[in-house]
Amino acid sequence: QVQLVESGGGLVQAGGSLRLSCAASGSIFRINAMNWYRQAPGKQRELVASITYGGITNYYKDSVKGRFTISRDNAKNTVYLQMNSLKPEDTAVYYCDAPDVVANGRYLAVWGQGTLVTVSS
């Protein structure tokens, strides 16, 4: 069984920074793309950033460009989201997503449980 566990959320003042981590565990051979999504209260879940296995960042939501940085460590099966210059509108539950995990000879799509980020004004 493959699991994703996010960490690093919390309460921060506007202008502050947080670093989210998402660690995958299980009998993993390879994780291809990894994504960060977020869902604010009363809103739909939205894609924030995406990174390929090779470390190419192929998507950032417009509102986070220049403030957020996605990265990964394949040896640790971990993806990160460095969030700087946080704004109250960044408040949301942040989810890690791995839609293409190769494990035990199968292809799996796995979501994490989410970590809450609250930005106060």
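What you see is a predicted model, and the numbers here were worked out from it, not measured in a lab.

Asker: Would you explain the pairing of strand β11 (residues 106-111) in this entry?
Answerer: Residues in a regular strand project their side chains so that they alternate between the two faces of the sheet. Two elements, strand β10 (residues 92-103) and β11, share five bridges in a ladder whose sense is antiparallel. By the bridge assignment, Val101 is partnered in β11 with Leu108. Once β10 ends, the chain turns through two residues before running back antiparallel as β11, passing Asn104 with a positive phi of about 55°.

Asker: In this structure, what is going on with the sheet that holds strand β9 (residues 78-83)? I would like to understand it.
Answerer: Adjacent strands of a sheet form backbone hydrogen bonds with each other and so pair up, either parallel or antiparallel. The sheet built from four strands is open, its strands ordered β1-β3-β9-β8 with antiparallel pairing. Of all the strands in the sheet, just β1 (3-7) and β8 (68-73) have a single pairing partner and so form its edges. For this sheet the average axis-to-axis angle between neighbouring strands, irrespective of direction, equals 15°. The pairing of β8 with β9 spans six bridges and is antiparallel. Note that in β9 the partner of Ile70 across the bridge is Leu81.

Cut-offs used in this document
- Residues numbered from 1 in each chain as written.
- Predicted model: local features only at pLDDT ≥ 70, side-chain atom pairs only at ≥ 80, totals over all residues.
- Heavy atoms only, no water.
- Pairing = 2+ DSSP bridges.
- Helix = DSSP H or I, 4+ residues; strand = E, 2+ residues; numbered from the N terminus.
- Axes fitted to C-alpha atoms, helices over the stretch in contact; angles between N-to-C directions.

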